[in-house]
Amino acid sequence: MRECIIVILEDDKEYLSSFLGYFENYNESALKIAGFSEKESFFKYANQEKIDLILTKEELLGDIENDVDNEKIVLLTEEAGIESINGIKTLYRFQHMKNMIRYIINLCAESVPIKNEIIRVTGEKKVQIIGVYSPVKRCGKTALSMELAGNLAKNGKILLINMEEYSAWRRYDGENKEYDLADLLFFYMQNSWSFELKLKAVLQNMSGFDYIPPMENGDELRNITTEQWKGLILEICKVSDYKIIILDLSDIISNILRLLDMCDFIIMPYMRDEISMHKAAEFEKILKKEDNKLEIYRIPMNDVMNEKYDKECLQMKVHTLTEERGLLISNG
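Residues numbered from 1 in each chain as written. Predicted model: local features only at pLDDT ≥ 70, side-chain atom pairs only at ≥ 80, totals over all residues. Heavy atoms only, no water.

Describe in detail the overall build of the protein, supporting the description with residues and values.
A count of helical and extended segments in the protein gives 12 helices and 13 strands. Across the 332 residues that make up the protein, the buried fraction comes to 52%. A separation threshold of at least 6 residues defines the contact pool for the protein, and within that pool the share at least 24 residues apart is 72%. (Helix = DSSP H or I, 4+ residues; strand = E, 2+ residues; numbered from the N terminus. Buried < 20%, exposed > 50% of the residue type's maximum accessible area, 1.4 Å probe, protein only. Contact = heavy atoms within 4.5 Å.)

Tell me about the nonpolar core, and please be specific about residues and values.
Formed by 70 residues in total, the largest nonpolar core has its most connected members in Ile 6, Phe 19, Ile 212, Trp 229, Ile 236 and Leu 260. At nine residues, the largest contribution of residues to this core is made by helix α4 (residues 97-111). Not counting residues up to four positions away in its chain, the partners in contact with Trp 229 are Met 163, Leu 181, Leu 185, Met 215, Leu 221, Ile 224, Ile 253 and Leu 259. Ala 143, Leu 152, Met 206 and Ile 244 belong to the second largest nonpolar core, which has 30 residues in total. (Core = buried A, V, L, I, M, F, W, Y, C linked by side-chain atoms within 4.5 Å.)

Give a description of the sheet that holds strand β2 (residues 31-36) that names residues and reports values.
The pairing of strands in a sheet comes from backbone hydrogen bonds and takes either a parallel or an antiparallel form. A sheet is described by the order of its strands in space; here six strands give the open sequence β2-β1-β3-β4-β6-β5, paired in mixed fashion. The strands lining the two open edges of the sheet, one partner per strand, are β2 and β5 (84-85). Judged from the four bridges that link them, strand β1 (residues 4-9) and strand β3 (residues 53-56) form a sheet pairing that is parallel. Residue pairing across strands places Ile 6 opposite Leu 53, the latter belonging to β3. (Pairing = 2+ DSSP bridges.)

Requested: an account of the packing of aromatic side chains, with residues and values cited.
Tallying each qualifying case throughout the model produces eight aromatic pairs. Here Tyr 92 and Phe 94 contribute two aromatic rings whose centre-to-centre distance is 6.1 Å and whose plane-to-plane angle is 85°, an arrangement assigned as edge-to-face. For Tyr 92, a relative accessible area of 28% gives the class partly exposed. Aromatic side chains Tyr 133 and Phe 283 sit 5.0 Å apart centroid to centroid with 55° between the ring planes, which places their arrangement in the tilted category. (Phe/Tyr/Trp six-rings, centres within 6.5 Å; stacked < 30°, edge-to-face > 60°.)

Please give an account of the pairing of strand β7 (residues 128-132) that cites residues and values.
Buried residues dominate β7, accounting for four of its five residues. Judged from the five bridges that link them, β7 and strand β11 (residues 244-248) form a sheet pairing that is parallel. Directly across from Val 132, in β11, lies its bridge partner Asp 248. As defined by bridge partners, β7 adjoins strand β12 (residues 265-270) across three bridges and the pair is classed as parallel. Residue pairing in the sheet places Val 132 in a bridge with Ile 267 of β12.

Hey, could you go over helix α9 (residues 226-239) for me, with residue numbers and the actual values?
For α9, spanning 14 residues, the distance from its first C-alpha to its last is 20 Å, which sits close to the expected 20 Å at 1.5 Å a residue. Extensive coverage of α9 is indicated by the burial of 10 of its 14 residues. Considered for burial, the residues of α9 that qualify are Thr 226, Trp 229, Lys 230, Gly 231, Leu 232, Ile 233, Glu 235, Ile 236, Cys 237 and Val 239. (Expected span 1.5 Å × (residues − 1).)

Lay out the pattern of salt bridges in plain terms, naming residues and giving numbers.
With the rule as written, the count across this model stands at 15 salt bridges. A salt bridge links Asp 248 to Lys 141; the shortest N-O distance between them is 2.5 Å. Residue Asp 248 is found in strand β11, and its partner Lys 141 is found in helix α5 (residues 141-152); the two are separated by 107 residues along the sequence. Of the charged contacts, one joins Asp 303 and Lys 317 as a salt bridge, the two residues approaching to 3.4 Å between their closest N and O atoms. Residue Asp 303 is located in the loop between β13 (296-300) and α12 (311-324), and its partner Lys 317 is located in helix α12; the two are separated by 14 residues in the primary sequence. Within the structure, one salt-bridge network assembled from shared partners comprises Glu 10, Asp 11, Lys 57 and Arg 93. (Salt bridge = Lys/Arg side-chain N within 4 Å of Asp/Glu carboxyl O.)

How would you explain the confidence of the model for the protein if you had to name every residue and give the values?
Confidence along the protein averages 84 in pLDDT terms, with 86% of residues attaining 70 or more. Long-range and interchain partners of residues 114-125, a stretch whose pLDDT sits below 50, account for 27 contacts in this model, where long-range means more than four residues apart. (pLDDT = per-residue confidence, 0-100.)

Can you break down a negative patch on the surface residue by residue, with the values?
Taken together, the side chains of Asp 12, Glu 14, Glu 58, Glu 59, Glu 65, Glu 78 and Glu 79 define an acidic patch exposed on the protein surface. Mapped onto the elements, Asp 12 comes out in the loop between β1 and α1 (13-26). Note on Asp 12: relative accessible area 34%, which makes it partly exposed. (Patch = residues over 30% accessible without salt bridge, like charges linked within 9 Å, V, L, I, M, F, W, Y side chains within 5 Å. Areas by Shrake-Rupley, 256 points an atom, 1.4 Å probe, with all protein chains shown as cover. Lys, Arg positive; Asp, Glu negative; His and termini not counted. Charge placed at Lys NZ, Arg CZ, Asp CG, Glu CD.)

Take a look at the structure:
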């Protein structure tokens, strides 16, 4: 496997030291970073290594621009909101380092053909996949998915993927993300050589669990086939070390029953009113007709989704679920 080689040319030695220290602690084996405060040392290194990405200031650009493809250069700016300078990509130098690293990883994933060195899920090792789905609307499905992910994350690595048409996710994380599920899907379908890096660029974390921000335009979900969804999820299993992946599903997914087939079991929140219970019963009847052996764990949500959202009640339900299903992950 060839590493993605990143170089930062920066005359502010304190900034350079902090940047390199943070990056080294990130511990990404597919990336190699070097830093220089003087051009002479930089050019000596450049003659020995094939550099994939150069981070520097506009003032230090000089001869670099003549010798290097502009696509490999990112200018570190002191002002936010600048998209490019003379056609060269920019990055605001004083933003949180996590965001900077995510941006850098994304550039490497899209420009360098890095093949995964280790397939972490092979043979008998299996990632458990839980589908959270309900034919009943407004039953607290996403809140349940998030509470379950947070509960399980206390003892192992958890990934939550929200696959809803109109997600309420931004109510919880409070901001738009630069990359989301649409970016990851597009990259998977176009170029899976460096999929692992792209995944790391997209991932966010909340309450101890990882999640992939949902698509801004839910209509895009209609155009994705079941096989593409399955392929994406299996690829995530291959390149990651998650113990459990939770799918927060919706009817916008084409052929939802085929996607549910890849789940170990289904959690189905529902409301205890006549219409909702009838919908739940009809869904289970369809599963039986399809000779689907999937086990369904029903969770009534009336006492959670009352006039005032009852988080403590939801926590108790999730705790009961994890104990009854044996979902508590050992640290080993």
